[in-house]
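These are the residues of each chain, in order.
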Amino acid sequence: YTSPALAGLLSGLESGARALILVPAGQLDEWGALIHRLTQGTPFRVQVARGTARAMRQLRADALDVIVATPETALTLVSRSALQMERVSSFVVAWPELMTEDSLTPLMQDLPRDAQRVVYTSEAERVGSLVERYARKALTARLGGADPLPTGPVRTVSVSWSGRAGALADLVELLDPASLAIWTVDRGFHHAI
């Protein structure tokens with residue numbers, strides 16, 4: 001469920017910018033594996049920072065594009081001038097309710113104004129003030145539960161299984177979006193798509 005948003009963030013990552021993904025310590029491996037899968041075959045350089053030494057060395061050598069870390073590790077990297085928050089253009093916080101606000105606040109307050117922010121939480125009420133202060137004008141989406149938020153108008157297209165790539169090309173041509181991220185579960189038509 002996080003793959004589409006992460007793929008969208010990564011597709012918009014420009015040269016010289018960085019993506020910072022903050023996760024609880026117990027989820028570093030899970031999120032690291034996901035990011036490595038999403039960046040496979042791309043030029044993005046990824047580091048799952050379990051500590052500061054290697055990440056600090058790679059940041060100072062400008063050899064990282066995507067950093068997956070705990071807030072505490074990220075704070076240490078910032079305090080040692082290895083991670084410059086002004087270069088972070090994509091910022092993800094996964095399960096902030098499992099983190100201390102003291103570790104998140106210094107990182108979020110130094111984000112550039114136009115940095116893309118994504119917050120994954122299962123307890124929106126507990127992190128509401130953090131989102132209100134540092135993720136202004138957030139689009140909130142609830143998955144599951146009895147009270148889902150309404151979505152805007154949805155249009156569907158019915159096509160044959162083998163006609164998916166062609167239908168997608170027609171759709172892109174028709175909509176002519178300024179930017180685009182496409183996420184597919186079935187990799188059988190990846191090349192065509």
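The structure contained in this document is the topic of the report that follows. Just so it is clear, the structure is predicted and the values come from calculations on it, not from any experiment.

1. Let's talk about the packing of helix α1 (residues 3–11) against helix α2 (residues 28–39)
1) Next: Packing of α1 against α2 brings their axes to within 10 Å, and their N-to-C directions diverge by 55°. Classified by the angle their axes make, α1 and α2 are oblique. For the pair α1 and α2, the sense of crossing is right-handed. Here Ser3, Leu6, Ala7 and Leu10 of α1 lie close against α2, whose contacting residues are Trp31, Leu34, Ile35, Leu38 and Thr39.
2) Next: When its residues are assigned to classes, the contact of α1 with α2 shows 7 nonpolar, 2 polar and no charged.

2. Points about the pattern of salt bridges
1) Next: Applying the stated criterion to the full structure yields 4 salt bridges.
2) Next: The partner of Asp29 in a salt bridge is Arg50, with the nearest N and O atoms 2.2 Å apart. Of the two residues, Asp29 sits in helix α2 while Arg50 sits in the loop between β2 (46–49) and α3 (53–60), which places them 21 residues apart along the sequence. As far as the burial class goes, Asp29 and Arg50 line up, both exposed.
3) Next: Residue Asp65 is joined to Arg45 by a salt bridge in which the shortest nitrogen-to-oxygen separation is 3.0 Å. Taken together, the residues Asp65 in the loop between α3 and β3 (66–69) and Arg45 in the loop between α2 and β2 connect sequence positions 20 residues apart.
4) Next: On the basis of relative accessibility, which here comes to 11%, the residue Asp65 falls in the buried class.
5) Next: In this structure, a network of salt bridges that share partners links the residues Arg18, Asp62 and Arg87.

Procedures and definitions
Residues numbered from 1 in each chain as written. Predicted model: local features only at pLDDT ≥ 70, side-chain atom pairs only at ≥ 80, totals over all residues. Heavy atoms only, no water. Axes fitted to C-alpha atoms, helices over the stretch in contact; angles between N-to-C directions. Helix = DSSP H or I, 4+ residues; strand = E, 2+ residues; numbered from the N terminus. Parallel < 35°, antiparallel > 145°, perpendicular 65-115°, else oblique. Left-handed = near helix turned anticlockwise from the far one by under 90°. Contact = heavy atoms within 4.5 Å. Nonpolar A, V, L, I, M, F, W, Y, C, P; charged D, E, K, R; others polar. Salt bridge = Lys/Arg side-chain N within 4 Å of Asp/Glu carboxyl O. Buried < 20%, exposed > 50% of the residue type's maximum accessible area, 1.4 Å probe, protein only.

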